[in-house]
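What follows is the residue order along each chain.
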Amino acid sequence: MNQFHLDPSIIETCRQDAFLIADEVLSMVEQHSTVSVERSVLRLIGVDGVNDLLEPLPNMMVDEVYHHGDLSKGISRYLASALFQSGLNLTEFQQAYLKGQVQLITPHLEDLDTCRNVLKPYLQKTFDRIAKNRDTRHRFLEKETPRTTDLYVIVATGNIHEDVIQAKAAAKAGADIIAVIRSTGQSLLDYVPYGITTEGFGGTYATQANFQIMRKALDEVSKEEGRYIKLVNYASGLCMPEIAAMAAIERLDVLLNDSMYGIIFRDINMKRTFIDQHFSRMINAKAGIIINTGEDNYLTTSDAIEEAHTVLASQFINEQFAFAAGLPEELMGLGHAFEIDPSVENSFLYELAQAQMAREIFPNAPLKYMPPTKHVTGNIFRAYQQNTLFNIVTQYTSQSIHLLGMMTEAIHTPFLQDRYLAIQNAKMIQTSMKSISEELVIKEDGLMANRAKKVLEDASLLLKQVKESTLFQALEQGVFAGVKRPQDGGKGLDGVFQKSPDYWNAALDLWEVSR
Amino acid sequence: MNQFHLDPSIIETCRQDAFLIADEVLSMVEQHSTVSVERSVLRLIGVDGVNDLLEPLPNMMVDEVYHHGDLSKGISRYLASALFQSGLNLTEFQQAYLKGQVQLITPHLEDLDTCRNVLKPYLQKTFDRIAKNRDTRHRFLEKETPRTTDLYVIVATGNIHEDVIQAKAAAKAGADIIAVIRSTGQSLLDYVPYGITTEGFGGTYATQANFQIMRKALDEVSKEEGRYIKLVNYASGLCMPEIAAMAAIERLDVLLNDSMYGIIFRDINMKRTFIDQHFSRMINAKAGIIINTGEDNYLTTSDAIEEAHTVLASQFINEQFAFAAGLPEELMGLGHAFEIDPSVENSFLYELAQAQMAREIFPNAPLKYMPPTKHVTGNIFRAYQQNTLFNIVTQYTSQSIHLLGMMTEAIHTPFLQDRYLAIQNAKMIQTSMKSISEELVIKEDGLMANRAKKVLEDASLLLKQVKESTLFQALEQGVFAGVKRPQDGGKGLDGVFQKSPDYWNAALDLWEVSR
Amino acid sequence: MKLIRPYGDTSHDGKIQLSFTLPVHADGQGIEAAKRLATQLGLLNPQVVHAEDIHEGYAFFVVYASVKFDLDLDQIHVEEALTERKSREEIEVILQENFDRELVFVGASTGSDAHTVGIDAIMNMKGFAGHYGLERYRGIRAYNLGSQVKNEDFIRFAKKVNADVLLVSQTVTQKDVHIRNMVELVELLEAEKMRERVILIAGGARITHELAKELGYDAGFGPKSYAEDVALYAINRMIANKSKP
Amino acid sequence: MKLIRPYGDTSHDGKIQLSFTLPVHADGQGIEAAKRLATQLGLLNPQVVHAEDIHEGYAFFVVYASVKFDLDLDQIHVEEALTERKSREEIEVILQENFDRELVFVGASTGSDAHTVGIDAIMNMKGFAGHYGLERYRGIRAYNLGSQVKNEDFIRFAKKVNADVLLVSQTVTQKDVHIRNMVELVELLEAEKMRERVILIAGGARITHELAKELGYDAGFGPKSYAEDVALYAINRMIANKSKP
Ligand code: B12
Ligand code: B12
Ligand SMILES: Cc1ncc(COP(=O)(O)O)c(C=O)c1O
Ligand SMILES: Cc1ncc(COP(=O)(O)O)c(C=O)c1O
């Protein structure tokens, strides 16, 4: 598999620099929490439901403490104390809370041991469920011969019931992974919508009920096809860790989850994002959920030849943040993309070099490879061809999570037939080029080898430069995708707070113990 | 370029066996002529036109001698004598002949010197024109940087005027070669239709007038585009050498012209075909016309994996027949095709091996490579993808004459947009994979290398076997495409005759002299 | 009533894709022409998603739009030549039980048509896609005359061998050349008073049962038909004919 | 009168290609349904050239057929925002000759739309496909507010800098989200009595001039438009407005 013989010392230096870069950020993270982290803790405890205004209970509770109490102690302490004092069980307490009969802010907070005892059974129940989910997934998967490449398609109708029809059709046609794309704008909602939804723009709302419906449908197909169909959603945006919690509970298998995407592409405050991503990744680690990072997005904005090294640098950083949250390599679906303009001479060879390089540098990671999008036009035949080239690169370089390109990429979210034809396209390549990577050997010191070398060197330089300042500064300077973000700008900063010395997070607490 | 390191001694043996195979056939050929050879001689002399029943003059004249004279002496002697005796020039003579005022059969035949003198000026005029055509083509081409691969598309509307629109559009979009497909059934006509035609089935009649119209149109585009656009037709069927003569006169650049296609696929008698092909190739050699052989057709009938070696064996035979007619390697567009079922595991690699093998065995031949057809269905998107794979193989293996696959192959003869999209497809591959053959090296002793070796060995065995009997017998046994043809069966045998000792062919005579 | 419409990404959205070439430029006027074309076809909300000049005066368009009517699937009935599928072995049993002589099938790719792969698929010993051809059937004598067989020759041969079933393959359909050829055969058969005495079956990539019936054939078989299907159809017809008064 | 039809392989043959999915099986009935669909669209001679089951109860079809009416190209007139093309240098000259102050352009990808590449292509210094953006124009002050800008914030900023021209980019069009957003902006501008004081321009991959006008914008620009085009349009309008009584 190793064809480029890239200098291992450069790779090692990159990892070290990325470690230092992440480490500095993480020391800030350690001292902070966010409203969404706290809401996730509530969700892990089992808080769920909405009031008449469709405001989710986790939001109501955290808001109450945020405005009227001292959230820097952590939401866990408040819930535990109130629950203890009310004498109710959690279900009863939630009902009462919705009716305004109980509050989180009570005359005094109970001591830690009491709080621990109160919440433990609830948390344990969730953790058991998450463990069982891991197990169920494992049992499904161990029956199959492992695939080098999973074919990944999206559904995005806005209506979960239509999504189900399409997801099933795709799975039957050969898709291995189904992602339900979220509605435009959900990432900027500071709460997670509730219940079954049938309306969305360019996607379907990520709600726990929708997760459940789709998981159930896919389990059915999995059984029929004798092939476990993975389910994907987005732990991204202002509710990053909450979605991770919901996904862990509902047995999603993959989450889009990047350490910087929200900052760069959604103008979410950087502190908020870094804190949220860390907690969300801890949940993912527990749940055995593969994360997918978002470096592919850089190339939809910047030029794929000029900015290739920023993708690699970012992958190194994402890798270190992932390690820090306890994710093993096997769960790190680092992202990249096939985005070079096809009218560039030898563009295919550059793409191949880039993908092979990623494969060699991250040999154990289930790399996520994104299809051509930026240079796709309304010429659906041309797009179909671009996707063939993309499929070939994956076949050659053994990308793990292969997001299928749609011939209607430049037009609309996929039609049933678009997805079907996309799967056929990929299957033809998988079959007809089965042994291509064994049969065709990359020339030493050629255009491709030199390209890979150059990109690695440039990434290494960039990481060195970022290390010498800080990641915060690098983001202010617009190192990634050319987007500049002020340290104290962006959405969601008001949801960030410093932990007080007696901050307590019941979920973390229990995890530490059970580790 | 040489990647397979095929055993040169096997290749040499194949050539020797093919030489012996062809040589035996040619000894038969030498003793015979056909009505179509004689008609071609008339055409080279300048005989042209039709009577009221649209019967061409060359046919009328040859038929007259065939039925009422002694054609075994050759038509030249008859025409020369009649012309001499009439005192008319050729134009006048033809007019008089059409009116029934003169005949070819006269009381006596003039001696050879007289005949030679009578016909020489006419023949010389044609030969000069042919030489000038070579020159014109050469002058066009020397201005361009030579292309590794010419993109070849067909037009086939049945209406020469529509063909022109489509040919121009294709050339402007990037096609380098335009073939006007003939109407279904023309190959079995024992005459060449006359004049401009606007009706045809699945193609447009090959007539001299149509050749002229298309050549003119393409010359215009050639000038506008600064790129010489080559014109193709079919010297195939019962009028093989006549079409070669017309093509030489009208400056066609490529002719489909196979030594056995007519036998196998049109059930034309084998003697007739072998004699006709020899004379037609002599004309092509003089005119600098590239021939395209028809081995691709074997794979539309037989399985492309099982019967690959028959293609190679046939190429060796076609090569020897071509050499014997004076064609240099540079004019030998040996044919093969991308016809393996794409659902076969590693089919792409087999195709690549096959094409690379052909390229290595015939390094100087302008190989003609045919697109997928047999395994193309009405799914136009899938077909577009199959054509992408085909285009990749050509790019990798430097096929010279690349006949573009159409996404509507299984449906209809190409629409304007089909052809345009096909060209775009090929162009994207040429650009994005420009240096692919330098960058990806075929593994030694892998699946592909072994496949190439095996096919060569099988071809060698087959040639040995054919040599040990005769090519006539091999064709009787159905060695190629599984089609069996009796030696004395098939169409056109009645047009074959043994030359008498005083047979004279004015064209050959003048060529010998001027050699 | 079962009302259906095309399905893009939402049930009943009616979405379809079109592509075509117009003798226009890919400019505002050309795009508008493409859109009007769709509108005039009665399509809703046409989106011209791609417009590209192919060549002076010709432009290529890709359009998505919605169909605004329903089809009632319950109203769509088709007569198919193929009503059930049986294996060769089963068919051989039927033959044995119903006929005390071999049935004679004569097939060819007729007229100027040179395509043999289709008729070979049906008739040849080795068959096609895992389905053996008629030559292998016990109880059937099969003659495959190959391609470019003139209708006259075809009939002459059929007469000579006393054919029960005639199989005509037609692949080239450009300018309806197949129709002329297929009709000619029926006329010749009628002239020879043979039409009633044979089962006449056509097949080919563009042949439908409907078309074949229209042209006076008993049945027509399109893509993905195999020897079993033709054999079964022909035999069923012969059994039915036998039992006719 | 200039009558046109689609062109397949013969002038005026009317040939078009369609593909769609129907909630049927790819069997005889399904194929017939596909054919009827085409017939009901008024298409002649529909050929269902491909039918394939996608999934229980859904099948994919490819159809070729002929349009049987003509369009009169001479009757198709489109109003285009883009009537001529000029270079940046030429536009800078016009600016210099006609205005003694910098013109203020404010642009954004508004509403929930997060796509910036389009508006950046028009505004950013470095431009797009070899066309420099408005930021580089002498005589223009250009503010690019980025993406997901709320209409309220957009207007507030425009007021603050005294904008002459507002540039709105909209890429996501699913469920007509862009229409709601674009209309909202016009309403807010009217409420603020600003509509008459600015030139309001929209752009994006699915935006047409026609649509923009319909929604109350001055102009709309689709794919393949560049900074020069918008600048020229806006300036011409401003010059025309100046000379109005
Ligand atoms: C192979 C092929 C050839 C080979 C034929 C070799 C041979 N020995 O048959 C060669 C290269 C010689 C050839 C030549 C030509 N071809 Co051709 N050819 C094809 C090709 C690639 C495949 C056809 C095929 O073999 N299919 C496989 C068989 C198994 O399928 P099938 O025929 O549909 O048969 C099945 C059913 O239809 C049915 N069936 C068929 N016959 C019968 C009969 C009965 C009684 C029954 C019950 C069932 C039945 O059962 C079969 C099995 O399921 C097609 C394109 C394509 N991909 O389809 C073009 C195609 C058919 N050819 C075409 C043309 C135009 C020609 C030429 C006229 C070109 C020219 N101008 O020179 C010449 C034909 C000359 C002539 N006189 O006919 C066109 C026809 C367009 C049209 N609709 O009119 C096609 C569609 C290509 C194209 N897009 O231009 N061709
Ligand atoms: C890049 C991209 C992204 C990037 C955007 C990065 C960025 N910084 O902009 C990312 C990955 C973030 C993204 C996200 C999403 N995307 Co997006 N994306 C694309 C993509 C691949 C390319 C768009 C592009 O940049 N084109 C290049 C530019 C230069 O072209 P342009 O925008 O048309 O601009 C030109 C003209 O239109 C005009 N113009 C544009 N604006 C203006 C303004 C004015 C005033 C003027 C005069 C002219 C003008 O001038 C430009 C130059 O000629 C397209 C698919 C495609 N190939 O088109 C999908 C696409 C646009 N995205 C789509 C979707 C649905 C989304 C998401 C909603 C998906 C989701 N549910 O998460 C999210 C958006 C979230 C949100 N809130 O908006 C859909 C939209 C479908 C539709 N019609 O509604 C598309 C078509 C893909 C698809 N098939 O699903 N996307
Ligand atoms: C990491 C990540 N999160 C989220 C998204 C989706 O966008 P949104 O922010 O609208 O959820 C993407 C899109 O590609 C992504 O890469
Ligand atoms: C050598 C040769 N001649 C002729 C033809 C064309 O067929 P026809 O015999 O109808 O001219 C082909 C078709 O592929 C061919 O390869």
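The following paragraphs examine the structure supplied in this document. (Residues numbered from 1 in each chain as written. Chains lettered and ligands numbered in written order. Predicted model: local features only at pLDDT ≥ 70, side-chain atom pairs only at ≥ 80, totals over all residues. Heavy atoms only, no water.)

Let's talk about the overall build of chain A
Line of reasoning, step 1. Assigned secondary structure in chain A consists of 20 helices and 12 strands.
Line of reasoning, step 2. Scaling as 2.2 N^0.38, a compact globule of 515 residues should have a C-alpha radius of gyration of about 24 Å, and chain A matches this with 23 Å.
Line of reasoning, step 3. Counting all 515 residues of chain A, 68% fall into the buried class.
Line of reasoning, step 4. Sequence-distant contacts in chain A: of pairs separated by 6 or more residues, those separated by 24 or more amount to 77%.
Line of reasoning, step 5. Only carbon and sulfur atoms are counted for the fraction: they give 50% of the accessible area of chain A, which is about 17,200 Å².
Line of reasoning, step 6. For chain A, the separation between the mean place of its 48 positive charges and that of its 65 negative charges on side chains is 4 Å. (Helix = DSSP H or I, 4+ residues; strand = E, 2+ residues; numbered from the N terminus. Rg over C-alpha atoms; globule rule 2.2 N^0.38 Å. Buried < 20%, exposed > 50% of the residue type's maximum accessible area, 1.4 Å probe, protein only. Contact = heavy atoms within 4.5 Å. Areas by Shrake-Rupley, 256 points an atom, 1.4 Å probe, with all protein chains shown as cover. Lys, Arg positive; Asp, Glu negative; His and termini not counted. Charge placed at Lys NZ, Arg CZ, Asp CG, Glu CD.)

Details of the overall build of chain C
Line of reasoning, step 1. Within chain C one finds 7 helices and 10 strands.
Line of reasoning, step 2. In summary, chain C has a C-alpha radius of gyration of 23 Å against a globular reference of 18 Å for 245 residues, an excess of more than 25%.
Line of reasoning, step 3. Counting only C-alpha atoms, chain C reaches 70 × 45 × 35 Å along its principal axes.
Line of reasoning, step 4. Every one of the 245 residues in chain C was classed for burial, and the buried ones make up 56%.
Line of reasoning, step 5. Taking as baseline every contact in chain C between residues at least 6 positions apart, the subset at least 24 positions apart corresponds to 66%.
Line of reasoning, step 6. Counting every atom, chain C has about 11,000 Å² of accessible surface; 50% of that belongs to carbon and sulfur.
Line of reasoning, step 7. One way to put it: in chain C the 29 positive side-chain charges average out to a point 4 Å from where the 36 negative ones average out.

Some details on the interface of chain B and chain A
Line of reasoning, step 1. The interface of chain B with chain A comprises 41 residues on the first partner and 41 residues on the second.
Line of reasoning, step 2. Across the interface of chain B and chain A, roughly 3,500 Å² is buried in total on both sides, 66% from carbon and sulfur atoms.
Line of reasoning, step 3. Taken together, the links from chain B to chain A amount to 2 salt bridges.
Line of reasoning, step 4. Between A:Lys434 and B:Glu345 there is a salt bridge, with its nearest N and O atoms 3.9 Å apart.
Line of reasoning, step 5. If you look at where chain B meets chain A, you find 21 residue pairs in polar contact (both at pLDDT 80 or more).
Line of reasoning, step 6. Those elements that provide at least two residues to the side of chain B that touches chain A are helix H14 (347–361), helix H15 (380–397), helix H16 (416–432), helix H17 (436–439), strand S11 (440–442) and helix H18 (447–468) of chain B.
Line of reasoning, step 7. Considered class by class, the residues forming the side of chain B that touches chain A number 22 nonpolar, 13 polar and 6 charged.
Line of reasoning, step 8. Across 3 bridges, the pairing between strand S11 (residues 440–442) of chain A and S11(B) is antiparallel. Bridging from a neighbouring strand, A:Val441 pairs with B:Val441 of S11(B). (Buried area = accessible area lost by both parts, 1.4 Å probe. Salt bridge = Lys/Arg side-chain N within 4 Å of Asp/Glu carboxyl O. Polar contact = N/O pair within 3.5 Å; in protein donor to acceptor, adjacent residues only side chain to side chain. Nonpolar A, V, L, I, M, F, W, Y, C, P; charged D, E, K, R; others polar. Pairing = 2+ DSSP bridges.)

Brief notes about the coordination of the cobalt atom of ligand 1
Line of reasoning, step 1. Among protein residues, the single donor to the cobalt atom of ligand 1 is C:His115 (NE2), with a metal-donor distance of 2.2 Å.
Line of reasoning, step 2. Position of C:His115 among the secondary structure elements: in the loop between strand S6 (103–109) and helix H3 (117–123). (Donors = N, O, S within 2.8 Å, 3.2 Å for Na, K, Ca; no water.)

Here we look at the site of ligand 3
Residues and elements named next belong to chain A.
Line of reasoning, step 1. In the neighbourhood of ligand 3, the contacting residues comprise Arg182, Ser187, Tyr234, Ser236, Leu256, Asp258, Tyr261, Arg266, Gly294 and Asn297.
Line of reasoning, step 2. In this structure, a nitrogen atom belonging to ligand 3 sits 2.5 Å away from a side-chain N or O atom of Ser236.
Line of reasoning, step 3. Asn297 places a side-chain nitrogen or oxygen 2.8 Å from an oxygen atom of ligand 3. (Near = heavy atom within 4 Å.)

A word on the nonpolar core
Line of reasoning, step 1. Within the largest apolar cluster, 389 residues are counted, with the highest numbers of intra-cluster contacts made by A:Phe274, A:Leu471, B:Phe274 and B:Leu471.
Line of reasoning, step 2. The contact partners of A:Phe274, leaving out residues within four places of it in the chain, are A:Val25, A:Met28, A:Val29, A:Ser259, A:Met260, A:Ile263, A:Phe321, A:Leu471, A:Phe472 and A:Leu475.
Line of reasoning, step 3. Core analysis: the second largest hydrophobic core is formed by 45 residues, C:Leu22, C:Leu37, D:Val24 and D:Ala59 among them. (Core = buried A, V, L, I, M, F, W, Y, C linked by side-chain atoms within 4.5 Å.)

A short note on the packing of aromatic side chains
Line of reasoning, step 1. Taken as a whole and judged by the stated rule, the model has 41 aromatic pairs over all chains.
Line of reasoning, step 2. Of note, C:Arg136 hangs over the ring of C:Tyr132, and the distance from its end group to the ring centre comes to 3.9 Å.
Line of reasoning, step 3. One residue, D:Lys242, lies across the ring of D:Phe99, its end atom 4.5 Å from the ring centre. (Phe/Tyr/Trp six-rings, centres within 6.5 Å; stacked < 30°, edge-to-face > 60°. Lys NZ or Arg CZ within 6 Å of the ring centre and 35° of its normal.)

Structural notes on unusual backbone geometry
All names here are of chain B.
Line of reasoning, step 1. Even without being a glycine, Asp267 presents a positive backbone phi close to 50 degrees.
Line of reasoning, step 2. Looking at where Asp267 falls in the secondary structure, it is placed in the loop between helix H10 (261–266) and helix H11 (270–287).
Line of reasoning, step 3. At Asp445, a position not held by glycine, the phi torsion is positive, near 65 degrees.
Line of reasoning, step 4. Relative to the helices and strands, Asp445 resides in the loop between S11 and H18.

Some points on the interface of chain D and chain B
Line of reasoning, step 1. With 14 residues of chain D at the interface, the matching set in chain B holds 17 residues.
Line of reasoning, step 2. Summing both partners gives a buried area of about 1,200 Å² for chain D against chain B, and 59% of it is carried by carbon and sulfur.
Line of reasoning, step 3. Contact with chain B buries area across many residues of chain D, yet D:Tyr7, D:Asp9 and D:Tyr64 alone supply 47% of it, more than any other trio.
Line of reasoning, step 4. Taken together, the connections running from chain D to chain B amount to 0 salt bridges.

A closer look at the site of ligand 2
Line of reasoning, step 1. Ligand 2 sits among 45 residues. The nearest are A:Thr373, A:Glu409, D:Ser112, D:His115 and D:Thr116.
Line of reasoning, step 2. Those residues lying near ligand 2 are distributed over chains A and D.
Line of reasoning, step 3. In the environment of ligand 2, an oxygen atom lies 3.3 Å from a nitrogen or oxygen atom belonging to the backbone of D:Val117.
Line of reasoning, step 4. Between D:Gln174 and ligand 2, the recorded distance is 2.9 Å, taken from a backbone N or O atom to an oxygen atom.
Line of reasoning, step 5. Contributions of two or more residues to the shell around ligand 2 are made by helix H12 (296–301) of chain A together with helix H3 (117–123) and strand S8 (165–169) of chain D.
Line of reasoning, step 6. For the shell around ligand 2, the element with the highest residue contribution is H3(D), accounting for 5 residues.
Line of reasoning, step 7. Its residues assigned to classes, the shell around ligand 2 shows 17 nonpolar, 22 polar and 6 charged.

Regarding a negative patch on the surface
Residues and elements named next belong to chain C.
Line of reasoning, step 1. There is a patch of like negative charges on the surface, built from Glu152, Glu184, Glu187, Glu190 and Glu196.
Line of reasoning, step 2. The dominant element in the negative patch, judged by the number of residues it contributes, is helix H5 (residues 177–191), at 3 residues.
Line of reasoning, step 3. Tracing the backbone through its elements, the reader meets Glu196 in the loop between H5 and strand S9 (199–203).
Line of reasoning, step 4. Owing to a relative accessible area of 74%, Glu196 belongs among the exposed residues under this scheme. (Patch = residues over 30% accessible without salt bridge, like charges linked within 9 Å, V, L, I, M, F, W, Y side chains within 5 Å.)

What about the sheet that holds strand S5 (residues 254–256) of chain A?
Residue and element names in this part refer to chain A.
Line of reasoning, step 1. If you trace the 9 strands from one edge of the open sheet to the other, you get S7-S6-S5-S4-S3-S2-S10-S9-S8, paired in parallel fashion. The sheet is open, and its two edges are formed by strand S7 (332–333) and strand S8 (335–337), each paired on a single side.
Line of reasoning, step 2. Each of strand S6 (290–292), S7 and S8 touches helix H13 (residues 308–324); the most contacted strand, S8, lies at about 160 degrees to it. (Axes fitted to C-alpha atoms, helices over the stretch in contact; angles between N-to-C directions.)

Section: the relation of the copies chain B and chain A
Taken together, a rotation about one axis and a shift along it account for how the two chain copies relate.
Line of reasoning, step 1. Mapping chain B onto chain A calls for a rotation angle of 180 degrees and an axial translation of 0.0 Å; the resulting RMSD is 0.0 Å. Taken together, the turn and the small shift mark the pair as related by a two-fold rotation axis.
Line of reasoning, step 2. The overlap is high: 100% of the interface residues of chain B also sit at the interface in chain A, so the same surface is used on both sides. (Least-squares fit on C-alpha atoms with pLDDT ≥ 70 in both.)

Some words on helix H15 (residues 380–397) of chain A
Residue and element names in this part refer to chain A.
Line of reasoning, step 1. Taking 1.5 Å per residue, 18 residues should reach 26 Å; H15 reaches 26 Å between its end C-alpha atoms and fits that length.
Line of reasoning, step 2. Counting buried residues in H15 gives 18 out of 18 residues, a clear majority hidden from the surface.
Line of reasoning, step 3. Positive phi appears at Ser398, one or two residues downstream of H15, with a value of about 50 degrees. (Expected span 1.5 Å × (residues − 1).)

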